[in-house]
Amino acid sequence: MTTAHPVQDLDVQPTPLALLLLGREADPRSERGVECPGDLPAPSDPDLVERARAAKEKLGDKVFVLGHHYQRDEVIQFADVTGDSFKLARDAAARPEAEYIVFCGVHFMAESADILTTDDQQVVLPDLAAGCSMADMATAEQVAECWDVLTEAGIADQVVPVSYMNSSADIKAFTGRHGGTICTSSNAERALEWAFEQRESGAAKVLFLPDQHLGRNTAVRDMGMSLDDCVVYNPHKPNGGLTVEELRNAKMILWRGHCSVHGRFSLDSVDDVRARIPGVNVLVHPECRHEVVAAADYVGSTEYIIKALEAAPAGSKWAIGTELNLVRRLANRFAPEGKEIVFLDKTVCFCSTMNRIDLPHLVWALESLADGKLVNRIQVDPETEKYAKLALERMLALP
């Protein structure tokens, strides 16, 4: 195992002004949504490709680069592994010999990697402004206030929190403290089944954070609950905008959060693509709205989408409801097999926060590490890490 340099031996540097799109003092969790200007960002200077390659080669086994599926191609080409957020965090934990984990994703993903890796490993996020609008929609203060509301309603002892992987370390820690678990879009059903089994009375309720759509779709589509079993807690309204009776009658208390990209897809998008492309298969992510999921032919996580297209017959037609970078990459990959793959919505829309990790930022991070300068380290404090890891371990223990 390679010996890690102590943090104090490195010159820890902040992101230069020229690289930070939101400014030197920007809050990495401040992003509230996405913009869709009509096309993907222009590719970076090709000269940077050689610089990134040279820096990565210089670092050798000391660096392990993770690339989320939603990253642009110019960044993905340097990833040692690609995947969704949880897969990447686990991949990082499985490489203890790597001193530096460069996470090409967003802030909450890098936090999860720091929680699951050893103290000798340093997790780096090339741009601290790469936040997540969904994760931003549930703050620790808001969730603590929600728990007070549930306590005053006399139901807190019946409630088990289940938090989506796409949440901050603070929210994962809250979940761990209150006996809950984390879930991914792949295992949300199993996580909810586990949660409902935690109360002997059979009167368990779930507080699902922070994506209302994944919670609703899993409960109704996969587990046979009704829409009436679900209520939406709005942190911007007194008591979440709900009466005590509504809270007591609900099985699923859904946080009013959503993915800014997946939330764009509409029933009109589905109807339009079916009219334009006869015989098309509509495949969407469960972060989409309930009416979109109900109208789709197939629903599943990012990994599910990729595997479904791998198994699809030649000549089949697909409209995909997920992030644009991934859809374009899949369309190019499977075009030689005669598979037609299009973006579900007519409006081009990519995840702007994910796209903050571009080649200039990656080059700067790799070259800094190669020069012995630790930059943009993501480090979760020990107390938060303790309870967040507890919630993650509960998920890992699910059958």
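Definitions and cut-offs
- Residues numbered from 1 in each chain as written.
- Predicted model: local features only at pLDDT ≥ 70, side-chain atom pairs only at ≥ 80, totals over all residues.
- Heavy atoms only, no water.
- Pairing = 2+ DSSP bridges.
- Helix = DSSP H or I, 4+ residues; strand = E, 2+ residues; numbered from the N terminus.
- Axes fitted to C-alpha atoms, helices over the stretch in contact; angles between N-to-C directions.
- Phe/Tyr/Trp six-rings, centres within 6.5 Å; stacked < 30°, edge-to-face > 60°.
- Buried < 20%, exposed > 50% of the residue type's maximum accessible area, 1.4 Å probe, protein only.

A.B. asks: Residues and numbers for the sheet that holds strand β2 (residues 81-83), please.
C.D. replies: The 4 strands lie next to each other as β2-β1-β3-β4, forming an open sheet whose pairing is parallel. Each of the sheet's edge strands pairs with one partner strand only, and the pair in question is β2 and β4 (122-124). Here the average twist between neighbouring strands, direction ignored, is 25°.

A.B. asks: Got a sec to walk through the packing of aromatic side chains? Specific residues and values, please.
C.D. replies: The description of an aromatic ring pair uses the distance of the two centres, along with the angle that the planes make with each other. According to the stated counting rule, one finds 4 aromatic pairs in the structure shown. Here Phe265 and Phe343 contribute two aromatic rings whose centre-to-centre distance is 5.5 Å and whose plane-to-plane angle is 65°, an arrangement assigned as edge-to-face. A residue pair is termed long-range when its members are at least 10 positions apart, and Phe265 in the loop between β9 (252-255) and α11 (267-276) and Phe343 in strand β13 (residues 340-343) qualify at 78 residues. For the pair Phe265 and Phe343, a shared accessibility class is recorded, and that class is buried. With 5.6 Å between their ring centres and 40° between their planes, Tyr298 and Trp318 make a pair best called tilted. Pair noted here: Tyr298 is in strand β11 (residues 298-299) and Trp318 is in strand β12 (residues 317-321), with a separation of 20 residues, a long-range link. Residue class for Tyr298 comes out partly exposed when judged on its relative accessible area of 34%.

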